[in-house]
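Structural overview
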There are 2 protein chains.
Amino acid sequence: MAVLEAVSAHPHATADTIAEGARASIGTVSKQAVYNALGTLSEKGIIRRIQPAGSSALYEDRVGDNHHHLICRSCGKTVDVDCAVGGSPCLTASHDSGFAIDEAEVIYWGKCPDCRKA
Amino acid sequence: MAVLEAVSAHPHATADTIAEGARASIGTVSKQAVYNALGTLSEKGIIRRIQPAGSSALYEDRVGDNHHHLICRSCGKTVDVDCAVGGSPCLTASHDSGFAIDEAEVIYWGKCPDCRKA
DNA sequence: TCAAGAACTAGAATTGTTCTATTTTGAGGT
DNA sequence: ACCTCAAAATAGAACAATTCTAGTTCTTGA
């Protein structure tokens, strides 16, 4: 529960940050307890795990609405974006090679406003 | 050059596999030489590096045609798919939050024909 | 031929995550 | 209340991919 709350409170946080958040509300929690909880929660579909290139895994509780992510190449800032194409469209690849596709993960890479200034 | 050839010969291979490929054509190459070469090549845009969740980095030389990937959740098999939406459309997120977007990375997750049978 | 910079090597170091063995906790039954 | 058993937590080791570092070897231009 504490882990779930921490994920809710810090969207797109790393396991480490979430562990800190959980500790803030409960006291002591081991790293592994957090990993276990995160693992179970994302397995059950209650939270989502994203693993952008060049960073550790991030977790969020916004789930089931087919939204995507926009990540800054310089500072790593991550924001949600709604699916450009509506509903859950991306699930149709042009040619599926016989695969049964169950998810389309979209990551937009770019530069955030702050980093553009600098 | 040997590294580039190895990437060409084994699309979607890991750094390790590419190192083996390079060694097969040249003799001995250190792991770091390979990482250096891969780093420079992808920095210059000659090859592309993809880092799917739960696997190490993969490299490919098909570049600049806005294609995406379809990965099997069970066996990790990776195939190319052309962009569902044509040209380079995905570059437009519904709302860009002020970011300067330069790439849209799409990964379709599913089950390959072989794993569906099993 | 020589010097200077680039690339290469080997091996240690780092980081995020997972594994394993041991301990603690909590629920149900007596 | 007490005991037992399973589930969850702990601590710390283990692991794998990648990066860093220091020293050596090549290559190229003068």
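This part is about the environment of A6 of chain A. All names here are of chain A. In this structure, A6 sits in helix α1 (residues 2-9). Remark: the alpha-carbon pair of A6 and E60, spanning 54 residues in sequence, is separated by 9.6 Å. Other than its neighbours up to four places away in sequence, A6 contacts I18, G21 and A22.

What follows deals with the packing of helix α1 (residues 2-9) of chain B against helix α2 (residues 15-26) of chain B. All names here are of chain B. Look at α1 against α2: their axes get within 8 Å of each other, and the N-to-C directions meet at 120°. Here α2 runs oblique to α1, going by the angle between their axes. Considering only the axes of α1 and α2, their crossing is right-handed. Residues A2, V3, A6 and V7 of α1 touch α2, and the partners they reach there are I18, G21, A22, S25 and I26. Per-class residue counts for the contact of α1 with α2 are 7 nonpolar, 2 polar and no charged.

Residues and elements named next belong to chain B. Position of A2 relative to the elements: it lies in helix α1. The class of A2 is buried, set by a relative accessible area of 11%. The residues contacting A2, other than those within four sequence positions of it, are A22, S25 and I26.

Let us now look at the protein's contact with DNA strand D. Inspection of the region around DNA strand D gives T28, V29, S30, Q32 and A33 of chain A together with A15, K31, Q32, Y35, S56 and A57 of chain B as its neighbouring residues. Of everything in DNA strand D that lies within 4 Å of the protein, sugar and phosphate atoms constitute 54%. Within the side chain of Q32 of chain B, a nitrogen or oxygen atom sits 2.9 Å from a base oxygen of DNA strand D. Only α3 (31-43) of chain A together with α3 (31-43) of chain B provide two or more residues apiece to the surface near DNA strand D. Among the elements that make up the surface near DNA strand D, the one with the highest residue count is α3 of chain B (3 residues). Here the residues of the surface near DNA strand D sort into 5 nonpolar, 5 polar and 1 charged.

This part covers the relation of the copies chain B and chain A. For these two chains of identical sequence, chain B goes onto chain A by a turn of 180° and a shift of 0.0 Å along the axis, with RMSD 0.0 Å. Considering both components of the superposition, the chain copies are consistent with a two-fold axis. When C-alpha positions in chain B are compared against the rotation axis, the closest is assigned to V106 of chain B, at 2.2 Å. Counting the interface residues of chain B, we find that 97% of their copies in chain A are interface residues as well, pointing to one common contact surface.

Lining the immediate environment of DNA strand C, one finds K31, Q32, Y35, S56 and A57 of chain A together with T28, V29, S30, Q32 and A33 of chain B. Among the atoms of DNA strand C close to the protein, meaning within 4 Å, 52% are from sugar or phosphate groups. The side chain of Y35 of chain A places a nitrogen or oxygen atom 2.8 Å from a phosphate oxygen of DNA strand C. Taking S30 of chain B, its side chain carries an N or O atom lying 2.8 Å from a phosphate oxygen of DNA strand C.

Right, let's talk about the pairing of strand β4 (residues 68-72) of chain A for a bit. Residues and elements named next belong to chain A. Within β4, 5 of the 5 residues are buried, which leaves the element mostly enclosed by the surrounding structure. Neither face of β4 is open: one carries H68, L70 and C72, the other H69 and I71, and all of them are buried. In terms of strand pairing, β4 meets strand β5 (residues 78-81) through 4 bridges, oriented antiparallel. In the strand pairing of β5, H69 is matched with D80. Counting the residues that bridge the hairpin from β4 to β5 gives 5 residues, and of these G76 lies at a positive phi of roughly 80°. The pairing of β4 with strand β6 (residues 100-111) spans 4 bridges and is classified as parallel. In the strand pairing of β6, C72 is matched with G110.

Rules and cut-offs
Residues numbered from 1 in each chain as written. Chains lettered and ligands numbered in written order. Predicted model: local features only at pLDDT ≥ 70, side-chain atom pairs only at ≥ 80, totals over all residues. Heavy atoms only, no water. Helix = DSSP H or I, 4+ residues; strand = E, 2+ residues; numbered from the N terminus. Contact = heavy atoms within 4.5 Å. Axes fitted to C-alpha atoms, helices over the stretch in contact; angles between N-to-C directions. Parallel < 35°, antiparallel > 145°, perpendicular 65-115°, else oblique. Left-handed = near helix turned anticlockwise from the far one by under 90°. Nonpolar A, V, L, I, M, F, W, Y, C, P; charged D, E, K, R; others polar. Buried < 20%, exposed > 50% of the residue type's maximum accessible area, 1.4 Å probe, protein only. Near = heavy atom within 4 Å. Polar contact = N/O pair within 3.5 Å; in protein donor to acceptor, adjacent residues only side chain to side chain. Least-squares fit on C-alpha atoms with pLDDT ≥ 70 in both. Pairing = 2+ DSSP bridges.

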